[in-house]
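# Remarks on the overall topology
The lines below spell out each chain.
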2 protein chains.
Amino acid sequence: MNNDLILLGHGSGGRLSHQLLSELIIPIISGILASVQNDAALLEAIPGRIAFTTDSFVVDPIFFPGGTIGSLAVHGTVNDLAMMGARPLWLSVGLIIEEGFSKADLKTILEDMRSAADAAGVSIVTGDTKVVPRGKADKIFITTSGIGAVEHSLEIHGANAQPGDVIIINGTIGDHGIAVMAGREGLQVSTEITSDSAALNGIVATLIAEVGSELHVLRDPTRGGVATTIKEIAQQSAVSITLQEAAMPIKPAVRGVCSILGLDPLFVANEGKLLAFVSATAADAALAAMRKHPLGLNAAIIGTVSPSPAGRVQMETLIGGMRSVDMLSGEQLPRIC
Amino acid sequence: MNNDLILLGHGSGGRLSHQLLSELIIPIISGILASVQNDAALLEAIPGRIAFTTDSFVVDPIFFPGGTIGSLAVHGTVNDLAMMGARPLWLSVGLIIEEGFSKADLKTILEDMRSAADAAGVSIVTGDTKVVPRGKADKIFITTSGIGAVEHSLEIHGANAQPGDVIIINGTIGDHGIAVMAGREGLQVSTEITSDSAALNGIVATLIAEVGSELHVLRDPTRGGVATTIKEIAQQSAVSITLQEAAMPIKPAVRGVCSILGLDPLFVANEGKLLAFVSATAADAALAAMRKHPLGLNAAIIGTVSPSPAGRVQMETLIGGMRSVDMLSGEQLPRIC
């Protein structure tokens with residue numbers, strides 16, 4: 001029996017499970033003593049409405065430039081809560097581990113989760129660990145769920161885009177997808193390309209404080225990229241959206257890799273970006289507020305909303321033409337998150 | 001492209017993902033329209049404390065006598081909330097699906113989740129779907145998280161077992177583990193052996209209404225079985241526990257299979273059982289209340305709590321000897337839940 005590897009018995013619920021929990025998992029990610037663990041976490045009351053979300057992470061590779069599956073899982077769930085304008089409070093973590101996975105790698109991932117949670121101001125309060133036989137999973141999958149407090153009465157959701165709104169993004173597009181792909185293929189593309197994976201609750205709080213009810217939609221363009229997310233919002237809100245290609249922030253290295261590989265950066269995943277729809281009168285204030293935040297230094301207005309035709313998205317290209325934008329069709333880059 | 005199978009593109013976040021969501025997943029399990037989906041569910045306020053839990057399910061086979069991975073995932077999370085004395089309200093569902101999985105099987109599993117949720121009185125309010133390439137997962141893994149309302153001020157937790165308490169179980173032991181193993185091996189053991197997978201929130205509510213603060217600990221003996229769970233509680237509460245083998249409810253067919261295969265039923269998983277620790281004065285009332293409930297017809301007092309030595313568990317055997325009981329060591333039956 002190799003003491004450095006995860007064994008089937010670590011998922012049995014018996015003695016090995018208790019050892020793994022009390023020696024590795026709980027001290028790193030929860031800070032709650034193993035001796036007071038119960039079937040569920042008991043949490044203080046939240047006054048007001050609750051936001052609740054879940055995401056499973058199967059990213060390949062599990063370590064990539066700019067992050068790990070652990071930080072990604074925390075950021076992804078924190079961001080889903082933040083996109084409702086909620087204040088993220090508590091996370092749960094479900095680990096599915098392949099037999100033979102390295103304990104050292106698990107430790108690195110758990111430490112990364114804890115750092116990401118601390119930085120975002122959330123606590124990991126409950127969890128579960130399963131182990132499946134070799135070949136029945138790919139190293140490790142992580143499912144994080146989150147609870148947030150909705151401390152405002154604003155209507156921030158995908159069906160609330162309004163004609164006249166401008167669309168702001170907080171920075172460059174495509175960084176996460178290209179970084180993961182580079183990590184997977186072992187490409188030494190450029191040190192400039194790292195995942196943008198980050199918790200967006202701070203910049204969202206700044207934005208809400210600055211423009212309040214002038215903020216209509218928030219969404220993070222993850223799988224499917226900016227194009228798919230914008231198309232979703234156009235359909236949910238029954239509005240027409242026009243994007244400006246020239247205004248789209250993108251790193252030259254990301255543009256270069258996309259160009260070589262035939263990928264459209266508009267469909268490449270981001271993990272630290274948000275799209276904010278704000279009324280035109282509040283656009284300058286929103287943009288200025290975002291640019292003052294470390295995660296919004298490259299914020300830009302990338303499009304506008306008009307009343308019709310409902311559900312249409314088009315992009316004015318660099319050479320002045322109009323191109324239709326639809327959702328991602330098929331799978332451009334599998335296992336990006 | 002085979003229209004009956006799950007493709008990588010169904011996990012892309014793009015058009016195929018939207019199709020799968022709006023045609024199959026959302027209509028069956030949530031009843032929320034795809035058009036109003038957001039990154040997180042927005043839920044009404046809960047007055048008072050909140051219980052929060054998560055569990056990943058990797059059971060093999062995914063269809064077994066008495067249930068599916070879908071009903072199991074709902075029951076498991078509902079029960080974890082119920083074991084805190086909470087009223088389960090909302091569930092999230094994270095699906096990790098292997099490319100090539102049958103849509104028909106997915107539909108069956110989702111329908112089973114919905115039936116189980118309806119029967120337990122909970123709503124599935126948010127979810128996520130990922131698809132991994134063939135051979136990178138085993139058919140389907142499901143992670144359910146749950147939120148419950150704690151509507152009492154009782155102290156029900158694993159550290160609250162008290163000397164003098166009696167231990168009640170609501171029915172026969174080992175049914176789930178043996179049913180899953182029989183399903184896996186294709187054994188035609190007996191039609192009597194089916195999983196006990198069930199939602200326990202109803203019987204818990206009955207118990208709380210009947211004995212209130214005389215109820216000290218509730219826990220469901222899943223992975224690791226009754227033995228492991230009892231040992232955990234003995235350690236958390238620093239008490240000594242004595243079980244009575246003669247009092248342990250067990251179906252003859254389960255006992256027979258365990259005997260043939262050399263399995264100890266005390267370590268075999270249950271998915272519709274609870275262990276209730278109640279003060280001796282309330283034992284008769286608790287037992288009577290449980291026996292009136294459909295999930296407690298075979299309820300029995302199986303042990304007692306004494307002050308010391310702390311953490312010790314022993315069992316008085318059928319022939320009158322005393323046997324030491326410890327946690328499950330290693331893995332008796334992998335992938336039981």
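All figures in this text were calculated on a predicted structure; none of them were measured in a lab. (Residues numbered from 1 in each chain as written. Chains lettered and ligands numbered in written order. Predicted model: local features only at pLDDT ≥ 70, side-chain atom pairs only at ≥ 80, totals over all residues. Heavy atoms only, no water.)

## A word on the confidence of the model for chain A
The following threshold applies: The predictor rates its confidence in each residue with pLDDT, a number between 0 and 100.
Residues with a pLDDT of 70 or more make up 96% of chain A, whose mean pLDDT is 94. We note a pTM of 0.96 for the whole complex and an ipTM of 0.96 for its interfaces.

## Describing the sheet that holds strand 6 (residues 123-132) of chain A
Our working definition: One bridge is not enough; two strands pair if DSSP finds at least two bridges between them. Secondary structure elements are taken from DSSP: a helix is a run of H or I of four residues or more, a strand is a run of E of two residues or more, and numbering for both begins at the N terminus. The axes used here are C-alpha line fits, helices contributing only the stretch in contact, and every angle between their N-to-C directions lies in the interval 0 to 180 degrees.
Judged by pairing direction, the sheet is mixed, and its 5 strands sit side by side in the order 6(A)-5(A)-7(A)-2(A)-1(B) without closing on themselves. Each of the sheet's edge strands pairs with one partner strand only, and the pair in question is strand 6 of chain A together with strand 1 (41-43) of chain B. Adjacent strand axes in the sheet meet at a mean angle of 15 degrees when their direction is disregarded. The pairing of strand 5 (residues 87-98) of chain A with strand 6 of chain A spans 9 bridges and is classified as parallel. Bridging from a neighbouring strand, Leu91 of chain A pairs with Ile124 of chain A of strand 6 of chain A.

## Points about the interface of chain B and chain A
Rule in force here: Residue contacts are counted whenever heavy atoms from the two residues lie within 4.5 Å of one another. Note: buried area is the sum, over both parts, of the accessible area (probe 1.4 Å) each one loses when the two are combined. By salt bridge we mean one thing: a side-chain nitrogen of Lys or Arg within 4 Å of a carboxyl oxygen of Asp or Glu.
In this complex, chain B contributes 80 residues to the contact, which on the side of chain A involves 80 residues. Interface of chain B and chain A: buried area, both sides summed, is about 6,300 Å²; carbon and sulfur atoms make up 58% of it. It is Asp39, Phe52 and Arg223 of chain B in chain B that bury the most area against chain A; as a group they hold 13% of the surface buried on that side. Remark: the boundary between chain B and chain A carries 6 salt bridges. Close ionic contact of Asp326 of chain A with Arg15 of chain B constitutes a salt bridge, the shortest N to O distance being 3.2 Å. As paired elements, strand 2 (residues 50-57) of chain A and strand 1 of chain B share 3 bridges and run antiparallel to each other. Looking across to strand 1 of chain B, one finds that Phe52 of chain A is bridged to Ala41 of chain B.

## A look at the layout of surface pockets
To keep it simple, the criterion reads: Buriedness for pockets is judged along seven lines, at least five of which must meet protein on both sides within 12 Å for an open set on the 1 Å grid over protein atoms alone, while cavities are sets there where a 1.4 Å probe fits but cannot get out, and lining residues have an atom within 4 Å of a point. Grid points are joined across faces, edges and corners, and a volume is the space filled by probe spheres set on the points.
The computed volume of the second largest pocket comes to approximately 930 Å³. Every residue lining the second largest pocket is counted, 42 residues in all, and those nearest its centre are Arg223 and Glu232 of chain A together with Leu21, Asn38 and Gly127 of chain B. Among the secondary structure elements, those contributing two or more residues to the lining of the second largest pocket are strand 2, helix 2 (69-82) and helix 6 (225-237) of chain A together with helix 1 (15-29), strand 5 (87-98) and strand 6 (123-132) of chain B. The leading source of residues in the lining of the second largest pocket is helix 1 of chain B, at 8 residues.

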